[in-house]
Amino acid sequence: MNPIMKEYFRQKLLRWRAELLRDSTETLQSLHDDGGLQEPDISDRATLETDRALELRTRDRERKLIAKIDAALQRIEDDEYGFCEETGDPIGVRRLEARPIATLSLEAQERHERMERTHRDE
């Protein structure tokens, strides 16, 4: 992968990471501002608790995604970005464009998913 492409993906990953961190900060601020559950109606309180739980689960998934973004940025620094961890073959640019944190080529990912389905059914 040439330096221009690496920089393109580095910037894309950094923008994505910044967006996730901004959303996380907004969620924390929102939870802090809301204080305790002050809704007098039990159904309103239950709805609020459900919404908060969903928001926190979403942020947890995003936290894990940030770790994957950081790993991809490290692979760029180590000059390993864009290569399949399983085969060592280049990962297609179209795949990286769709999933910049990809660590497997499309073929390796499909193999991996087939194996998961096979073992899940057992």
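You'll find the structure just up there.
Residues numbered from 1 in each chain as written. Predicted model: local features only at pLDDT ≥ 70, side-chain atom pairs only at ≥ 80, totals over all residues. Heavy atoms only, no water.

**Student:** Which parts of the structure should I look at to understand the overall build of the protein?
**Tutor:** When its secondary structure is counted, the protein shows four helices and zero strands. Moving toward the C terminus, one meets the helices and strands of the protein in the order α-α-α-α. In terms of principal-axis extent, the alpha carbons of the protein reach across some 60 × 45 × 20 Å. The buried share among the 122 residues of the protein stands at 22%. As displayed, the protein offers around 8,700 Å² of accessible surface, 52% of which is attributable to carbon and sulfur atoms. Each charge class in the protein was averaged separately, 22 positive and 29 negative side chains, and the resulting centres sit 3 Å apart. (Helix = DSSP H or I, 4+ residues; strand = E, 2+ residues; numbered from the N terminus. Buried < 20%, exposed > 50% of the residue type's maximum accessible area, 1.4 Å probe, protein only. Areas by Shrake-Rupley, 256 points an atom, 1.4 Å probe, with all protein chains shown as cover. Lys, Arg positive; Asp, Glu negative; His and termini not counted. Charge placed at Lys NZ, Arg CZ, Asp CG, Glu CD.)

**Student:** Where do I start with a negative patch on the surface in this structure?
**Tutor:** There is a patch of like negative charges on the surface, built from Asp89, Glu107, Glu110, Glu113 and Glu116. By the secondary structure assignment, Asp89 is in the loop between helix H2 (42–77) and helix H3 (93–98). What makes Asp89 partly exposed here is its relative accessible area of 43%. (Patch = residues over 30% accessible without salt bridge, like charges linked within 9 Å, V, L, I, M, F, W, Y side chains within 5 Å. Salt bridge = Lys/Arg side-chain N within 4 Å of Asp/Glu carboxyl O.)

**Student:** Can you walk me through the environment of Leu20 in this structure?
**Tutor:** Looking at where Leu20 falls in the secondary structure, it is placed in helix H1 (residues 3–34). Sequence separation of Leu20 and Ile66 is 46 residues, and the distance between their C-alpha atoms is 7.4 Å. Once residues within four sequence positions are removed from consideration, Leu20 is found in contact with Glu62, Leu65, Ile66 and Ile69. (Contact = heavy atoms within 4.5 Å.)

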